[in-house]
Amino acid sequence: MKLVGLTGGIASGKTTVAKILERLGAAIVDADVLSREVVEPGQAAWHDIVTTFGHEVLQSDQTLDRQKLRTIIFNNPNARKQLEAIIHPRVRALAAERIREHTEAGYAVVVYVVPLLFEGNLQDGLRPVILVACDINVQRQRLVERDQLDRTAAQKHIEAQMSLEEKRRLADYVIENNGSLEDLERQVRDVLTKINEATSRPGY
Ligand code: ATP
């Protein structure tokens, strides 16, 4: 089994690429999805968050008030560290479990989608790493449309992340997502073919 990393800036098209890869037969494990799963009411991370930050971070249905948590950690690096220390180990454990399940189910390629892969230096054990890249104007426009943000807010989100140039240097494959979905799918197919060819080469 090949454990492939998939990353890219905010709204660059990671989820879209992951969906195409899934359609082409790969198994997907998405760190964003897992990070929501581990904080569902009653889960260990949920209990730890309520103990650390108080009941005021809960909504009436007992789910986390994400906006409130974001506001708390926004200007408080210590609170951010505490929250990450609660969530990250649980996400890693759940990811390892899902990857094992997919491997046992016989998938040849398992793709682990991690938005801040390079920022967190989390690429160990993931090979190859695919980067979804797009021009900043396209990225900002997609972010504005999808999340109904204004241009300045979208720009701030983009600038808070590692630069695309730096990410390009760290990636094994780069998928350029500035064009149509058809163009994107063609590139995804090409990369998957290369990964499968490399895997089947003797001595790889
Ligand atoms: P995030 O980091 O915020 O989770 P993401 O990297 O997973 O985002 P997507 O959600 O896949 O990005 O894409 C962002 C938006 O851009 C979505 O609304 C998606 O439908 C759209 N999009 C992505 N690629 C294309 C494309 N080639 N053509 C048209 N729309 C696209």
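Undergrad: So what's going on with the site of the ligand? Which residues, and what values?
TA: Looking at the ligand, there are 14 residues lining it, with Lys-14, Thr-15, Thr-16, Arg-146 and Asn-177 nearest. Between Arg-146 and the ligand, the recorded distance is 2.6 Å, taken from a side-chain N or O atom to an oxygen atom. Between a nitrogen atom of the ligand and a main-chain N or O atom of Gly-179, the distance comes to 3.1 Å. Sorting the residues of the shell around the ligand by element identifies helix H1 (14–23) and helix H6 (136–147) as the ones contributing at least two each. With three residues, the top contributor of residues to the shell around the ligand is H1. Here the residues of the shell around the ligand are counted per class, giving three nonpolar, eight polar and three charged.

Undergrad: I'd like a rundown of the pairing of strand E1 (residues 2–8), residues and numbers included.
TA: Among the seven residues that make up E1, seven are buried, leaving the element largely enclosed by the rest of the structure. Across the two faces of E1 the burial is the same, with Lys-2, Val-4, Leu-6 and Gly-8 and Leu-3, Gly-5 and Thr-7 all buried. Bridge count for E1 against strand E3 (residues 109–113) is five bridges, and the pairing is parallel. Bridging across to E3, Val-4 finds its partner in Val-111. Note: E1 against strand E4 (residues 129–133), four bridges, orientation parallel. Bridge pairing links Leu-6 to Ile-130 in E4.

Undergrad: Please set out the environment of Lys-194 residue by residue, giving values where relevant.
TA: Structurally, Lys-194 can be placed in helix H9 (residues 181–200). Taking the relative accessible area as the measure of exposure, Lys-194 reaches 44% and is therefore partly exposed. When the C-alpha positions of Lys-194 and Tyr-173 are compared, they lie 9.8 Å apart, and in sequence the two are 21 residues distant.

Undergrad: Could you give me a rundown of the sheet that holds E4, with the residues and numbers involved?
TA: Read from one edge to the other, the open sheet built from five strands follows the order E2-E3-E1-E4-E5, with strand pairing classed as parallel. Strands at the two margins of the open sheet, each flanked by one partner only, are strand E2 (27–30) and strand E5 (173–176). Put simply, the sheet's adjacent strands are angled 25° from each other on average, direction ignored. Note that E4 and E5 share four bridges and pair parallel. Paired with Leu-131 across the two strands is Val-174, which belongs to E5. Sheet strands in contact with H1 are E1, E2, E3, E4 and E5, and its direction is about 150° off that of E1.

Undergrad: Could you give an account of the pattern of salt bridges, with specific residues and numbers?
TA: For the structure on display, the rule yields nine salt bridges. Residue Arg-189 is joined to Glu-185 by a salt bridge in which the shortest nitrogen-to-oxygen separation is 3.1 Å. Of this pair, Arg-189 and Glu-185 are both found in helix H9, four residues apart, which corresponds to roughly one turn of the helix. Arg-189 sits in the partly exposed class, given a relative accessible area of 42%. Relative accessible area serves as the criterion here: at 18%, Glu-185 is assigned to the buried category.

What counts as what
Residues numbered from 1 in each chain as written. Predicted model: local features only at pLDDT ≥ 70, side-chain atom pairs only at ≥ 80, totals over all residues. Heavy atoms only, no water. Near = heavy atom within 4 Å. Polar contact = N/O pair within 3.5 Å; in protein donor to acceptor, adjacent residues only side chain to side chain. Helix = DSSP H or I, 4+ residues; strand = E, 2+ residues; numbered from the N terminus. Nonpolar A, V, L, I, M, F, W, Y, C, P; charged D, E, K, R; others polar. Buried < 20%, exposed > 50% of the residue type's maximum accessible area, 1.4 Å probe, protein only. Pairing = 2+ DSSP bridges. Axes fitted to C-alpha atoms, helices over the stretch in contact; angles between N-to-C directions. Contact = heavy atoms within 4.5 Å. Salt bridge = Lys/Arg side-chain N within 4 Å of Asp/Glu carboxyl O.

So yeah, pure geometry; function would need other evidence.
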